[in-house]
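Next come the chains, spelled out residue by residue.
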Amino acid sequence: MIKITVGIKALNEEAHIGEALASAVAAVAPFGGEVVLADSGSTDRTVEIARTYPVRIVQLANPNERCCGAGAQLAFQHANGEYFYLLDGDMVLNPAFIEAGIAYLEANPGFAAVGGLVCERNTEGEGFQIRAASVAKDRHWLPGIVDRLDCGGLYRASAVREAGYFADRNLHAFEEFDLAARLQAHGWKLARIDVPQIDHFGHTTPGYQLLWRRLRSGYSGGPGEVLRGALGQPHLKLVLRKLGHVRNGIAVIAWWAMLLALLLLGQPFIFLALIAIPLALLSWRRGSFQLGLYSLAAWNVTAWGLLTGFFRGRVTPQKPLDSIDLSPGSTVS
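Read on for an overview of the structure. Please read these numbers as outputs of a predicted model, since none were measured by experiment.

1. Concerning a nonpolar patch on the surface
Here is step 1 of the chain: A cluster of nonpolar residues, Tyr-208, Phe-289 and Leu-293, forms a patch on the protein surface that exposes about 300 Å² of accessible area.
Here is step 2 of the chain: Along the chain, the position of Phe-289 falls in helix α13 (residues 289-310).
Here is step 3 of the chain: Exposure remark for Phe-289: the relative accessible area of 53% places this residue in the exposed category.

2. So, helix α8 (residues 207-217)
Residue pairs three or four apart in sequence face the same way in an α-helix, which turns once every 3.6 residues.
Here is step 1 of the chain: The set of residues buried in α8 consists of Gly-207, Leu-210 and Leu-211. On an axial view of α8, the arc spanned by its buried residues comes to 105°, and they lie on one face. The exposed set on the far side of α8, more than 90 degrees from its buried face, consists of Trp-212 and Arg-216.
Here is step 2 of the chain: Of the residues flanking the end of α8, it is Gly-218, one or two places downstream, whose phi is positive at about 95°.

3. Digging into the environment of Trp-141
Here is step 1 of the chain: Here Trp-141 lies in the loop between α5 (126-137) and β7 (144-146).
Here is step 2 of the chain: Given a relative accessible area of 5%, Trp-141 falls into the buried group.
Here is step 3 of the chain: At a separation of 3.1 Å, a polar atom in the side chain of Trp-141 contacts the side chain of His-140.

4. Looking at helix α7 (residues 175-185)
Here is step 1 of the chain: A large share of α7 lies buried, amounting to nine of its eleven residues.
Here is step 2 of the chain: Considered for burial, the residues of α7 that qualify are Glu-175, Glu-176, Phe-177, Asp-178, Leu-179, Ala-180, Ala-181, Arg-182 and Leu-183.
Here is step 3 of the chain: A positive phi of about 95° marks Gly-187, the residue just after α7.

5. Re the packing of aromatic side chains
Here is step 1 of the chain: Scanning all chains against the criterion turns up eight aromatic pairs.
Here is step 2 of the chain: Residues Phe-76 and Phe-84 carry aromatic rings whose centres are separated by 5.2 Å and whose planes lie at 85° to one another, so their mutual orientation is edge-to-face. Residues Phe-76 and Phe-84 agree in their burial class; the two are buried.
Here is step 3 of the chain: Ring geometry for Tyr-155 against Phe-166: centres 5.3 Å apart, planes inclined by 85°, an arrangement best described as edge-to-face. Of the two residues, Tyr-155 sits in strand β8 (residues 154-156) while Phe-166 sits in the loop between α6 (157-162) and α7, which places them eleven residues apart along the sequence. You'll find Tyr-155 and Phe-166 in the same group, each marked buried.
Here is step 4 of the chain: Through pairs of rings, three or more aromatic residues link up here, namely Phe-76, Phe-84, Tyr-155 and Phe-166.

Basis of the calculations
Residues numbered from 1 in each chain as written. Predicted model: local features only at pLDDT ≥ 70, side-chain atom pairs only at ≥ 80, totals over all residues. Heavy atoms only, no water. Patch = residues over 30% accessible without salt bridge, like charges linked within 9 Å, V, L, I, M, F, W, Y side chains within 5 Å. Areas by Shrake-Rupley, 256 points an atom, 1.4 Å probe, with all protein chains shown as cover. Salt bridge = Lys/Arg side-chain N within 4 Å of Asp/Glu carboxyl O. Helix = DSSP H or I, 4+ residues; strand = E, 2+ residues; numbered from the N terminus. Buried < 20%, exposed > 50% of the residue type's maximum accessible area, 1.4 Å probe, protein only. Arc of directions from axis to C-beta. Polar contact = N/O pair within 3.5 Å; in protein donor to acceptor, adjacent residues only side chain to side chain. Phe/Tyr/Trp six-rings, centres within 6.5 Å; stacked < 30°, edge-to-face > 60°.

Below you can see the structure in the form of C-alpha cells.
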C-alpha cells in the first residue's frame, strides 16, 4: 500500500481541472503517492487535459449512474493509499495541508479524518454568498473537533472501509456528511486544523438558476437520500440530529400544510402573515431582503428534495461501480 491517494471527481471541469491536477500531483510527490481522476462522463476537455498529467484516469461506464456519491466512490474504489483525500475538479489543493494532515492522523489514532481551512473564491451567487459567510463562522468550518468535513478532507482508508464505503453511490449530495455520520457511529472522530486546505471556485451560475439546476439534476434530493439510506442503520440518530436540511425540510413541509389549511379555511390575512414572517426573519438573519428571499426559496427546494430524494430508487451502496480506464497509455481512447 502506498502512503496517499488524492482522488479527484470531475464532470466538465476544464476551466479548473489543470490547476486541481497540478496541486494534487505536487501534494502527493513527497510521499510517492498517486492521483486518480474519477470522471463522470465529461464532454469538454477535462479528460484531454488530465492525460497530460502523471495520473490514472477512470471514467464512469454508465452515465445513468452519474451523481456526486458515485463520482466520489469511484475515486476511492481505485485508490491504493493508506490515506485518501477527495478533491473536486473546481478546487485547488494546498500541498502543505497533506503533510500536516498525515502528521495529525498519525499523532491522533482515534481520528478517522482531518480537514483544514476552506477559501471560497466565488461569492457572486446568493447561495455562495451565504456559504462564504458560513465558512467564516459556523462551527464545523472552524478548527477543532467537527461533525463533518464539507469540501473534502484527508481520510484514514482503513476507517472508511470499516464504515462500509467512502460515498453512497446513490447520493446526489451530502455524501461527505453521510460518510462522517457513518464514521462517528463506528466510534471515530473528525477534526479541522488551522492550516489552509483548498481554494474552491464553485459555480458561477446565478443563484436562482442554480436552484433550478439542482432540482432538475436531482442534487436537491440529497437530504432525502441520506435519510433513506440511514433507516435502520446506526447513524440514523446522527442524521436526524445533525443534518439541518432534514429538519428544515420537515418544517417547510409542515408550513406548506398550514398554508393550505388557511386557504381552505378562507383566512387570506393569516395566510399572507405566515408567508411574511419567515421571509422577514430570514432577511434579518442573512442581512438583506435579497438573501432572505433566496433563503426562503432554497428552503422550499430543500423540502421538495427531501420528499423526492427519500422515495427515489436505490441500489446497494457496496456494489462496485463499472468504469473505463482512460489513463495515458491505456488501450481505450
